[in-house]
Amino acid sequence: MPQVLTMERKDMTEYKTSENKGQQGETLLKVENLYKSYNRNTLVLQNVQMALKQGEFVSIIGPSGAGKSTLLRCINRMIDPTSGSILFDGVEMTTLNKADLRSQRAKIGMVFQHYNLVSRLSVFENVLHGRFGYKSTLQGVLSLFTEEEKKLALEILDKLGMKEFAYKRCDQLSGGQKQRVGIARALVQQPKLLLCDEPIASLDPNSSKVIMDHLKDISETMGITVLVNLHQVDVALKYSDRIIGLNKGSIVYEGIPENLSNMAIRDIYGSEIEDLILE
Amino acid sequence: MNGNLDVVKKKKIQMTLVLLIMLLITVGTSMLTEFSFAQGIASIPGTIVWMATNLIPGAESMENLPKVLAKLWETIVLSVLSTTTAAIAALFFALLGSKTTKVNQPMAIMSRFIASVFRNIPVVAWALVLVISFGHNVVTGYFALFFTTFGFLVRAFIETIDEASIESVEALNATGATYFQMVFRGVIPESLPQMVSWLFFMIDTNIRSATLVGLLTGTGIGYLFDIHYKRLDYETVGLITICIIVVVIAIEFISNKVRRLIL
């Protein structure tokens, strides 16, 4: 089975070089002057600028209500931004029509805090849901998946150590297992970008480590850009290539983990480092 | 600490006040309607004796059993037919009206408004109005049941959809799924057990309603009930009532079994 996996990885890199976007360091996502407000009085996001490179692992940290989830959901337009520009894979996201948005979303995987699986369906069915973006309505409704798609789903499940659970119903799984199914569903999209909204906030420390290790592995070996919202500063420090600090909708820190000083943490969380629980 | 005790004391006073007011309302309204509790309770034994002597079906009324069962079957079929067709229509309206799966706001409001109108006109009123246009036949009964069931199920389904599937809908939309992919592979699998549960609830409600509607439209078990009631043939009336009770309990039993099977 491991051989098949390396083949799979090679396939994906080939696919990318053939499109001439495979070089590490090329900008995949560029967000400029992004604003979001739900009503006139409060700005949830103000003047957000950021750029993500291919294969980068970037964490967004910040206190509750800083706008982390909103920022993530603006990128795949689950929430429509008020103004600004989001350039993903060479396409401006903010002005897309429904059909084009759909094919762009297919290239962006999303992982949720509460896993958001269809709990009454099997693991395998849930993972195949990741292919909907590439299928016609009828194919999707009737669950007509090709042999390759099914193989891909099983390979990804195997990689995440979930193959033996493939035919189990999702409501019988533990939290850590559900989140791995969530990641598998995102990976089966063969995405270029993975958005993870608090992926470990509902998990115990052991499962959290498993999930974060998988995410790191995905960015390193598959060349997929991973953008993670995190509550835990220590986790962000350990795994990220780069950290973005968000406070009240503005970016107050951006840089490599080594440069995240106590001063910067105070700017992000608005409190002294001694007051934060950091383990 | 003192403040806490005060809160507890206040709560007790509030409860006492609420109980006193309820008692006052009960006494006041029974005086206004000249309803006497003592008299009402005193007449209970007599009523039971009358029911026991008149409503227990005897050998003579048993001859009517085949006729009763045939009409009862007609009523069950009508109820199942109207409930299932109404459920299909209700599913579409619920999808439009739910805040999780709505297509747009105006259509959501429209759908909820239409359902509300159908729901808030009682089944008896529907039957009386429809009997004018369709006449005394099964079609009238079918539509009367269809309309009220539709109105009720739209609301029940909207709540089921919103409760069961907000999270998986978000995930499916994020993968780039189309609307119908999201509905058929996300919303329906998640809300199916609850929806089927509502369906059975409506089928057994409708068997009871169908009796009443039949009385007005001259069809089904309700009509038979009406005829024998007017002939003062209370034994057959009793027989019909017992048959209806048995069927409703049987359906509840089946619905519990099915629910456990699909959950």
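## Let's talk about the sheet that holds strand 3 (residues 57–61) of chain A
Residue and element names in this part refer to chain A.
Moving on, step 1. Sheet architecture is open: six strands sit in the order 6-7-8-3-9-10, paired in mixed fashion. Either end of the sheet is taken by a strand with one partner, and the two such strands are strand 6 (108–111) and strand 10 (250–255). Here the strands of the sheet are splayed against their neighbours by 20° on average, with no regard to which way each runs.
Moving on, step 2. Of the strand pairs in this sheet, strand 6 and strand 7 (residues 193–197) are connected by four bridges, and their pairing is parallel. Looking across to strand 7, one finds that Val111 is bridged to Cys196.

## With respect to the interface of chain A and chain B
Moving on, step 1. The partner chain B presents 22 residues to the 30 residues of chain A that form the contact.
Moving on, step 2. Buried surface at the junction of chain A and chain B, summed over both partners, amounts to about 2,100 Å²; 55% is from carbon and sulfur atoms.
Moving on, step 3. The largest per-residue losses of area from chain A upon contact with chain B belong to Arg120, Phe132 and Val141 of chain A, which jointly make up 27% of the total buried on that side.
Moving on, step 4. Across the pair Arg73 of chain A and Glu170 of chain B runs a salt bridge whose closest N-O atoms are separated by 2.6 Å.
Moving on, step 5. Applying the counting criterion to the chain A and chain B interface returns 13 residue pairs in polar contact (both at pLDDT 80 or more).

## What about the domain arrangement of chain B?
Moving on, step 1. Domains assigned within chain B are domain 1 (2–52) and domain 2 (60–262).
Moving on, step 2. Distance from the C-alpha centre of domain 1 of chain B to the C-alpha centre of domain 2 of chain B: 35 Å.

## Here's the deal with the pattern of salt bridges
If the charged atoms of two oppositely charged side chains come close together, the side chains can form a pair.
Moving on, step 1. This model, assessed by the stated rule, comprises 19 salt bridges over all chains.
Moving on, step 2. For Arg77 of chain A, the salt bridge is made with Asp80 of chain A, and the minimal N-O distance between the two is 2.5 Å.
Moving on, step 3. Relative accessible area serves as the criterion here: at 44%, Asp80 of chain A is assigned to the partly exposed category.
Moving on, step 4. We note a salt bridge from Asp226 of chain B to Lys230 of chain B, for which the minimum N-O separation is 3.1 Å. With Asp226 of chain B and Lys230 of chain B both in helix 10 (residues 220–230) and four residues apart, this pair spans about one turn of that helix.
Moving on, step 5. The exposure class assigned to Lys230 of chain B is exposed, which follows from its relative accessible area of 60%.

About the criteria used
Residues numbered from 1 in each chain as written. Chains lettered and ligands numbered in written order. Predicted model: local features only at pLDDT ≥ 70, side-chain atom pairs only at ≥ 80, totals over all residues. Heavy atoms only, no water. Pairing = 2+ DSSP bridges. Helix = DSSP H or I, 4+ residues; strand = E, 2+ residues; numbered from the N terminus. Axes fitted to C-alpha atoms, helices over the stretch in contact; angles between N-to-C directions. Contact = heavy atoms within 4.5 Å. Buried area = accessible area lost by both parts, 1.4 Å probe. Salt bridge = Lys/Arg side-chain N within 4 Å of Asp/Glu carboxyl O. Polar contact = N/O pair within 3.5 Å; in protein donor to acceptor, adjacent residues only side chain to side chain. Domains from an automatic or database assignment. Buried < 20%, exposed > 50% of the residue type's maximum accessible area, 1.4 Å probe, protein only.

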